[in-house]
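# Structural description and commentary
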Amino acid sequence: MAMLHPVLPFLLLLLLPAGTAAAGRRTLVFILAGQSNMSGRGGATSGTWDGVVPPECAPSPRILRLSPSLRWEEAREPLHADIDVGNVLGVGPGMPFAHAVLASGKPPAAAATMGLVPCAQGGTPLANWTRGTELYDRMVMRARTAMASCKGSGDLAAMLWYQGETDAMSHDDAELYQGRMEALIRDVRRDLGRPDLLVIQVGIATAQYGGKFLGRVREAQKAVTLAVPNVKFVDAMGLPIASDYTHLTTEAQVQLGEMLAKSYLETL
């Protein structure tokens with residue numbers, strides 16, 4: 001993946017995307033970040049995606065995504081297409097999350113347009129998301145661009161975060177996880193000008209390549225929830241896992257999306 005030039009985010013904000021959020025509605029903007037289970041491998045763990053799109057993941061004119069070219073477009077699976085590069089993508093939690101929020105009937109979310117900002121990249125440890133890294137800078141740039149393109153009608157609603165399977169392979173990364181995650185939340189909130197930004201993190205259910213430190217990463221995730229205000233924890237443990245023993249199935253991703261929606265709606 002090519003490194004972003006330091007001034008590129010600023011220039012991109014000057015050249016706002018031609019595609020804009022739906023007129024006449026508020027747009028709730030959600031950052032989707034982390035690694036492969038956030039970008040989605042539902043139906044895609046055998047080398048190709050099976051193409052199955054459940055009704056809970058169907059396209060809707062009220063669910064948009066910020067494309068790789070920084071334009072709002074109607075969202076569809078795979079939501080992270082051309083963003084989580086170099087990987088076979090399938091169903092993730094973003095689309096069922098958006099559908100569940102819209103179907104809730106709970107104002108103001110039920111009357112809004114959902115603006116999803118996919119940023120996840122498979123196989124990435126938390127160290128690759130620290131402030132100043134390519135992935136961090138891309139995420140912040142995309143979030144800023146998404147908000148600017150709403151032209152005053154957007155609300156940055158939350159960051160949905162699902163990551164940690166790679167860190168569970170390393171004792172050192174697992175031990176450093178809490179401090180790194182707390183720093184990430186602090187930096188994102190500062191750089192986006194939202195000191196109270198809601199963060200919903202998913203408790204990991206698997207470790208990449210059978211890593212031995214799954215429990216330690218999960219402990220760190222729970223500790224972050226207790227230590228940092230306005231951080232919520234949604235547990236993926238117990239959801240169906242694909243035959244690769246790492247990724248959630250399509251069914252599990254739909255369930256997770258609905259769990260994330262419930263967590264978000266409880267804050268309204």
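Within every chain, residues take consecutive numbers counted from 1 along the sequence as written. Selection of residues for local features in this predicted model requires a pLDDT of at least 70, selection of side-chain atom pairs for listing and counting requires 80 or more, and totals for whole chains, interfaces and linings are taken over all residues. Side-chain measures were taken over the full set of non-hydrogen atoms in the model, leaving aside hydrogen atoms and water.

### What to know about the overall build of the chain
- Regarding its fold elements, the chain presents seven helices and seven strands.
- In this text, helices come from DSSP runs of H or I with a minimum length of four residues, and strands from runs of E with a minimum of two, each type numbered from the N-terminal end. Counting from the amino terminus, helix and strand elements in the chain follow one another as α-β-α-β-β-α-β-α-β-α-β-α-β-α.
- Structurally, the chain occupies a C-alpha span of about 50 × 40 × 35 Å along its principal axes.
- In this scheme, a residue with accessible area under 20% of its type's maximum is buried, one over 50% is exposed, and one in between is partly exposed, where area comes from a 1.4 Å probe on protein chains only. Of all 268 residues assigned to the chain, the portion counted as buried reaches 55%.
- Summed over its atoms, the accessible surface of the chain is roughly 10800 Å², and 57% of this surface lies on carbon and sulfur atoms.
- Computed over 24 positive and 25 negative side-chain charges, the inter-centroid distance for the chain is 7 Å. Each accessible area is a Shrake-Rupley result for a 1.4 Å probe, and residues are judged covered by the shown protein chains and nothing else. Neither His nor the chain ends contribute to the count of charged residues, in which Lys and Arg are positive and Asp and Glu negative. Lysine's charge is taken at NZ, arginine's at CZ, aspartate's at CG and glutamate's at CD.

### Things to note about the UniProt feature "domain: Sialate O-acetylesterase" (unreviewed entry) in the chain
- Taken from the UniProt record, the annotation "domain: Sialate O-acetylesterase" (unreviewed entry) applies to residues 28–265.
- Secondary structure across residues 28–265 divides into 34% helix and 16% strand, with the first and last C-alpha atoms of the span separated by 12 Å. UniProt positions are given in the numbering used here, feature names are shortened, and annotations may be inferred rather than shown by experiment.

### Observations concerning the pairing of strand S4 (residues 113–118)
- A large share of S4 lies buried, amounting to six of its six residues.
- Here S4 shows no split at all, with Thr113, Gly115 and Val117 on one side and Met114, Leu116 and Pro118 on the other all buried.
- Note: strand S1 (residues 27–34) against S4, six bridges, orientation parallel. Note on S4: the bridge partner recorded for Thr27 is Thr113.
- Across three bridges, strand S2 (residues 63–66) lies against S4 in parallel orientation. Bridge assignment links Arg65 to a residue of S4, and that residue is Leu116. Paired strands, as defined in this entry, are two strands with at least two bridges between them according to DSSP.

### As for the pairing of strand S6 (residues 199–203)
- In terms of burial, S6 is largely enclosed, as five of its five residues are buried.
- Burial of the side chains of S6 extends over both faces: Val199, Gln201 and Gly203 are buried on one face and Ile200 and Val202 on the other.
- Bridge count for strand S5 (residues 154–162) against S6 is three bridges, and the pairing is parallel. Bridge pairing links Trp161 to Gln201 in S6.
- Between S5 and its parallel partner S6, the chain crosses via helix H5 (residues 171–191), and the hand of that crossover is right-handed.
- Note: S6 against strand S7 (residues 231–235), five bridges, orientation parallel. Note on S7: the bridge partner recorded for Ile200 is Lys232.
- This β-α-β element, S6 to helix H6 (residues 214–227) to S7, shows right-handed connectivity. Handedness of a crossover is defined as follows: orient the strands so they point away from the viewer, and if the path from the first strand over the helix to the second runs clockwise, the crossover is right-handed.

### Re the packing of helix H3 (residues 94–103) against helix H7 (residues 250–265)
- With axes taken as lines fitted to C-alpha atoms, and helix axes fitted only over the stretch in contact, angles between N-to-C directions fall between 0 and 180 degrees. Between H3 and H7, the least distance of the axes is 7 Å, while the angle of their chain directions is 45°. It follows from the interaxial angle that H3 and H7 lie oblique. Read as a crossing pair, H3 and H7 show a hand that is right-handed. Between H3, through Pro96, Phe97, Ala100 and Val101, and H7, the contact on the second element is made entirely by Gln253, Val254, Gly257, Glu258, Leu260, Ala261, Tyr264 and Leu265.
- When residues are sorted by character, Ala, Val, Leu, Ile, Met, Phe, Trp, Tyr, Cys and Pro go into the nonpolar class, Asp, Glu, Lys and Arg into the charged class, and all the rest, Gly among them, into the polar class. A class-by-class count of the residues in the contact of H3 with H7 yields nine nonpolar, two polar and one charged. The cut-offs work like this: below 35 degrees is roughly parallel, past 145 is roughly antiparallel, 65 to 115 is roughly perpendicular, and the gaps in between are oblique. Whether a crossing is left-handed or right-handed is set by the direction in which the near helix is turned from the far one by less than a right angle, anticlockwise for left-handed and clockwise for right-handed. The contact definition used throughout considers only heavy atoms, calling two residues in contact when any of these lie within 4.5 Å.

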